[in-house]
Amino acid sequence: MRFRNSMLALGLLATAALAGCSTTAPGTQVAGATTYTEQIFTDSYGSIKDAGYTLPAIPINRVDKKFVRQIVSYSTNEKPGTVIVNTRERFLYYILPGGKAVRYGIGVGKQGFAWSGTAYVAWKQEWPTWHPPKEMAARRPDVARYVEEGMGPGLSNPLGARAMYLFNEKGQDTLFRLHGTPEWNSIGTAASSGCIRLMNQDVIDLYSRVRPGRNTKVVVIQ
């Protein structure tokens, strides 16, 4: 399904929330099947020094093992380099050649902020500035000052260490992001207000793989 169907719901932007996210109409279903784990990266969640910041280690033994980054067998018709987000399963897949994918655990939007459809990564940013939408500020006065000036990058920034910005086929910002989070214990839950969040160590890995441009397709399914 093309993303234009999702854009029919732009009238719902009044519900936009955390990380500049909004809601869209139900979208594409993508065939994909994980059969086995080939490699798991449990040793990749230690403390990291990055761009002057020191990300704390994640107590990965407290994270459900299925949400730990791993290489899996994955069958899909989508080409390598595609990102497939399965919000129901709480997994993000970066498609590799040879019927494999890197699978990451994710946190997704709460009910009412869920979305699905097809987009592309228009651009990406290390240690991004966070601008909450005005609708969120109306619900949460404590973040109102960040609407215009933004919250600068840092360990407590809701977008985490990296953000990838999704645009539709018309080149319009969908207001959805793939981004990091300091709240590692929210992975596997419907804890965010709309966008797709990954552990910071995972979003840094995904960021290094993704190349911005219309050829980097992102498919979100429910």
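Here, every reference points to the structure presented above.
A. Broad picture of the overall build of the protein. Looking only at helices and strands, the protein has 4 helices and 12 strands in total. Going through the 222 residues of the protein one by one, you find that 55% of them count as buried. A separation threshold of at least 6 residues defines the contact pool for the protein, and within that pool the share at least 24 residues apart is 70%.

B. Expanded view of the sheet that holds strand β12 (residues 217-221). The strand order β1-β4-β7-β6-β5-β12-β8-β9-β10-β11 describes an open sheet built from 10 strands, whose pairing is mixed. The open sheet has two edge strands with one neighbour each: β1 (33-40) and β11 (196-199). The sheet shows a mean angle of 30° between the axes of neighbouring strands, direction not considered. Where strand β9 (residues 162-167) and strand β10 (residues 173-181) come together, 5 bridges link them in antiparallel fashion. The partner of L166 across the bridge, within β10, is F176.

C. Up close: the packing of aromatic side chains. In this structure the tally under the stated criterion is 6 aromatic pairs. Their ring planes at 55° and their centres at 5.6 Å tell us that F67 and F91 sit as a pair that is tilted. Of this pair, F67 sits in the loop between β3 (53-55) and β4 (70-75) while F91 sits in strand β6 (residues 91-96), placing them 24 residues apart in sequence. The class for F91 is buried, based on a relative accessible area of 7%. With a centroid separation of 4.0 Å and 5° between ring planes, the pair formed by W123 and Y165 is classed as stacked. One end of the pair, W123, is in strand β8 (residues 117-126); the other, Y165, is in strand β9, with 42 residues separating them in the sequence. Here W123 falls in the partly exposed class, since its relative accessible area comes to 38%. Accessibility expressed as a relative area gives 6% for Y165, which makes it buried.

D. Spotlight on the side chain of R103. Among the structural elements, R103 can be located in strand β7 (residues 100-105). Lacking a salt bridge, the buried R103 has E89 as its closest oppositely charged neighbour, with an N-O distance of 6.4 Å. Setting aside its immediate chain neighbours within four residues, R103 contacts T34, K66, V68, R69, Q70, V72, F91, L92 and Y93.

E. Representation of the pairing of strand β5 (residues 83-86). Burial of β5 is two-sided: the residues V83 and V85 facing one way and the residues I84 and N86 facing the other way are all buried. Across 4 bridges, the pairing between β5 and β6 is antiparallel. What sits directly across from V85, in β6, is L92. Here β5 folds back onto β6 in antiparallel fashion, the turn holding 4 residues, of which R90 has a positive phi close to 65°. Here β5 pairs with β12 via 4 bridges, running parallel. Its bridge partner lying in β12, V85 is registered against V220.

F. Region of interest: the nonpolar core. The biggest cluster of nonpolar side chains holds 30 residues, and the ones touching the most others in it are V83, V85, L92, Y94, M164, L178 and L206. Per-element tally for this core: the top contributor is helix α4 (residues 200-209), with 4 residues. With residues near it in sequence (within four places) discarded, M164 still touches V121, W123, K124, F176, R177, L178, V203, L206, Y207 and V210. Grouped together as the second largest cluster of nonpolar side chains are 16 residues, F67, Y74, I187 and M199 included.

G. Examining unusual backbone geometry more closely. Phi at A51 takes a positive value of approximately 50°, unusual for a residue other than glycine. Structurally, A51 can be placed in the loop between β2 (48-50) and β3.

H. Seen up close, the pairing of β4. By the criterion of burial, β4 is predominantly enclosed, with 5 of the 6 residues buried. Pairing between β1 and β4: 5 bridges, direction antiparallel. By the bridge assignment for β4, T37 is matched with V72. As judged from the 4 bridges shared by β4 and β7, these two strands associate in the antiparallel manner. Each residue of the ladder has a partner; that of I71, found in β7, is V102.

Procedures and definitions
- Residues numbered from 1 in each chain as written.
- Predicted model: local features only at pLDDT ≥ 70, side-chain atom pairs only at ≥ 80, totals over all residues.
- Heavy atoms only, no water.
- Helix = DSSP H or I, 4+ residues; strand = E, 2+ residues; numbered from the N terminus.
- Buried < 20%, exposed > 50% of the residue type's maximum accessible area, 1.4 Å probe, protein only.
- Contact = heavy atoms within 4.5 Å.
- Pairing = 2+ DSSP bridges.
- Axes fitted to C-alpha atoms, helices over the stretch in contact; angles between N-to-C directions.
- Phe/Tyr/Trp six-rings, centres within 6.5 Å; stacked < 30°, edge-to-face > 60°.
- Lys, Arg positive; Asp, Glu negative; His and termini not counted.
- Salt bridge = Lys/Arg side-chain N within 4 Å of Asp/Glu carboxyl O.
- Core = buried A, V, L, I, M, F, W, Y, C linked by side-chain atoms within 4.5 Å.

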